[in-house]
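Here's the letter readout for the chains.
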Amino acid sequence: MKKIVTLVFTALAFSAFSQKLITETEFELFGDHIFVSVSVDDSEPVDFIFDTGDGLAVIDLDVAKKLDLKTDHQSSKTSAQGSISGALIEHNKIEINDVKLDEIELYTTDLSHLERTIGRNIDGIIGYDLLKNYVVRVDYSDMTLKLFDQDGYQNEGFVEGFKFKLVNYIPTIEASVTLNNGESYTENFFINTGAGTTLDFNSPFASKHDVVDKTGEHYSYPVSGLGDEETMHYEGRVKEFSIGTFKIEELPIGISQAKHGIQHNKKVAGIIGNGVLKHFNITYDYAADKLYMAPNENFEKPYVVNSSGINLQFSKDMKKILIHRVFEESPGEEAGIEVDAELLSVNGTAVADLTLPEIRKTLEATEGSVKLTYKQNGEVLEATLELKPLI
């Protein structure tokens, strides 16, 4: 995948001037999701997703019960796919190292369906409550989250800065896309670290410009947000996508068919997710309505896609990895693998010894083969898939 930067990379060094570092903490990049350890009301550490698309902090229902947090009243929250209902817990304290966020309102909901898709436990989600109080630098190079004082903050080392506007508490910036038929558009896009995607077009933009038919080869699958409702999602490519002077050619993208939620927003063309954002080190300065992006060592790495034709997720009890979807005319379909088959091993390694992102990475190789052992209709079977990118 060719990516073009027309900047001088000697400007990448960060300046210490006019920056008061408050604290920094390591994070785990699990697949394309950032997990950071926090404490809720003096609890033992719990794992929250850091999500710039999160306007109201979320805590898993079971975790809230375990911590004996008392709900106050029912409310609703808008996710990427729509609105869901749950209970609010007021007057909470969230801590990251020695940084304390007081009077935080937590929204309780069942996150098990996201856990099945992402592949690990999710205790909660935090975004705006942190970003509105501190300058936050997400450094994917050393896997750290750095918090700076907003007062007098000046960023002097990043390559390129962008003004943003908050829409539904989510930052939006201007970016440009060229579809495969040569049509080009400059639009506003959400910046969403909680989205495990590269670039997703919102359904109104996709419908207006007939994006599905202008992305060449494509395939579809169901997706869900905080709610259980699933909508179909298409995957394809665009000829070029650019943020300022950063240009990415032949970027794999998603096309939403959502009828509700932020992916149905008519004023924003789509979502730039962590699949793209992790190729940069990014500082978010909400007090100045600016973010700063510098390409990191991931920048020249290719953007990979599904090469097996199978989509995986955990069972409801999180004990089995199941085949969630088999795409037509794919290596998985040709091998006879069926939906709900249980994956047992990959290249001879038991799935219990692998994470879901590790398995997905193996199945995204652009060439070669992979040997799968799986249980289907009560019978243990083996298949060797000759990997081939679906798009």
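Everything below is about the structure shown above.
Residues numbered from 1 in each chain as written. Predicted model: local features only at pLDDT ≥ 70, side-chain atom pairs only at ≥ 80, totals over all residues. Heavy atoms only, no water.

Peer 1: I'd love a proper account of the pairing of strand 22 (residues 290-295), names of residues and values included.
Peer 2: Most of strand 22 is tucked away, with five of its six residues classed as buried. Both strand 12 (residues 160-163) and strand 22 contribute to a ladder of four bridges, which runs antiparallel. Of the residues in strand 22, the one forming a bridge with G161 is Y292. In this sheet, strand 22 lies alongside strand 21 (residues 280-285) in antiparallel orientation, the contact comprising six bridges. Looking at strand 22, one finds that F280 is bridged to P295. Counted along the chain from strand 21 to the antiparallel partner strand 22, the turn is four residues long, and its residue D289 has a positive phi close to 55 degrees. (Buried < 20%, exposed > 50% of the residue type's maximum accessible area, 1.4 Å probe, protein only. Helix = DSSP H or I, 4+ residues; strand = E, 2+ residues; numbered from the N terminus. Pairing = 2+ DSSP bridges.)

Peer 1: An account of the packing of aromatic side chains is requested, with residue identities and associated values reported.
Peer 2: Applying the stated criterion across every chain yields a total of 14 aromatic pairs. On the numbers, 5.0 Å between centres and 65 degrees between planes, the contact of F246 with F280 is edge-to-face. Within this pair, whereas F246 is found in strand 19 (residues 246-256), its partner F280 is found in strand 21, the two being separated by 34 residues in sequence. When its relative accessible area of 2% is taken as the criterion, F246 is described as buried. Judged by its relative accessible area of 1%, F280 is buried. Where F280 meets F299, the ring centres are 5.4 Å apart and the plane angle is 75 degrees; that geometry is what we call edge-to-face. With F280 in strand 21 and F299 in the loop between strand 22 and strand 23 (310-314), this residue pair connects regions lying 19 residues apart in the sequence. Residue F280 shares its accessibility class with F299, and that shared class is buried. Three or more aromatic residues joined by ring pairs make a cluster, and in this case those are Y185, F189, F201, F205 and F241. The ring centre of F35 lies 3.9 Å from the NZ or CZ of R120, which sits over that ring. (Phe/Tyr/Trp six-rings, centres within 6.5 Å; stacked < 30°, edge-to-face > 60°. Lys NZ or Arg CZ within 6 Å of the ring centre and 35° of its normal.)

Peer 1: Could you give me a rundown of unusual backbone geometry, with the residues and numbers involved?
Peer 2: Keep in mind that most residues, glycine aside, have a negative phi and that most peptide bonds are trans. In this model, N168 sits at a positive phi of 55 degrees, which is unusual for a non-glycine residue. Here N168 lies in the loop between strand 13 (165-167) and strand 14 (170-178). The backbone phi angle of Y169 is positive, close to 70 degrees, even though this residue is not glycine. Position of Y169 relative to the elements: it lies in the loop between strand 13 and strand 14. Using a relative accessible area of 47% as the deciding quantity, one classes Y169 as partly exposed.

Peer 1: Talk me through the side chain of S39; I want residue IDs and the actual numbers.
Peer 2: Its place among the elements puts S39 in strand 3 (residues 33-40). A distance of 2.9 Å separates a polar atom in the side chain of S39 from the backbone oxygen of S43. When neighbours within four sequence positions are excluded, S39 is seen to be in contact with K93, I94 and E95. (Polar contact = N/O pair within 3.5 Å; in protein donor to acceptor, adjacent residues only side chain to side chain. Contact = heavy atoms within 4.5 Å.)

Peer 1: Kindly report on the pattern of salt bridges, identifying the contributing residues and their values.
Peer 2: In total, this model carries 11 salt bridges according to the counting rule given. The salt bridge partner of E183 is K214, with a shortest N-O separation of 3.0 Å. Highlighted residues: E183 in the loop between strand 14 and strand 15 (184-191) and K214 in the loop between helix 4 (203-208) and strand 17 (219-224), separated in sequence by 31 residues. Counted as one network, the salt bridges with shared partners bring together E28, D47 and R120. (Salt bridge = Lys/Arg side-chain N within 4 Å of Asp/Glu carboxyl O.)

Peer 1: Let's hear about the pairing of strand 14: which residues, and what values?
Peer 2: On any regular strand, side chains alternate: one points to one face of the sheet, the next to the other face. Counting buried residues along strand 14, seven of its nine residues qualify, which places the element largely inside the surrounding structure. Bridge count for strand 13 against strand 14 is three bridges, and the pairing is antiparallel. Note on strand 14: the bridge partner recorded for V167 is I170. Linkage of strand 13 to strand 14, two consecutive antiparallel strands, is achieved through a turn of two residues, within which N168 is found at a positive phi near 55 degrees. Strand direction decides the pairing type here: strand 14 and strand 15, joined by seven bridges, are antiparallel. In the sheet register, T178 faces strand 15, and the bridge partner there is S184. Two successive antiparallel strands, strand 14 and strand 15, enclose a turn made up of five residues, where G182 displays a positive phi of approximately 95 degrees. The pairing of strand 14 with strand 18 (residues 230-243) spans three bridges and is classified as antiparallel. Note on strand 18: the bridge partner recorded for S176 is S242.

Peer 1: Give me the lowdown on the nonpolar core, citing residues and values where you can.
Peer 2: Core analysis: the largest hydrophobic core is formed by 65 residues, its most contacted members being F201, F241 and I272. Broken down by element, the residue count for this core peaks at five residues, all from strand 19. Excluding residues within four positions of it along the chain, F241 makes contact with A175, S176, V177, F189, L199, F246, K247, I248, L251 and I272. Counting 20 residues, the second-largest nonpolar core is a separate cluster that includes I310, F314, I323 and A341. (Core = buried A, V, L, I, M, F, W, Y, C linked by side-chain atoms within 4.5 Å.)

Peer 1: Any chance you could break down the environment of V326 for me, citing the residues and the numbers?
Peer 2: Among the secondary structure elements, V326 is positioned in strand 24 (residues 321-326). Owing to a relative accessible area of 17%, V326 belongs among the buried residues under this scheme. Distance from V326 to I310, taken between C-alpha atoms, is 4.6 Å for residues 16 residues apart in sequence.

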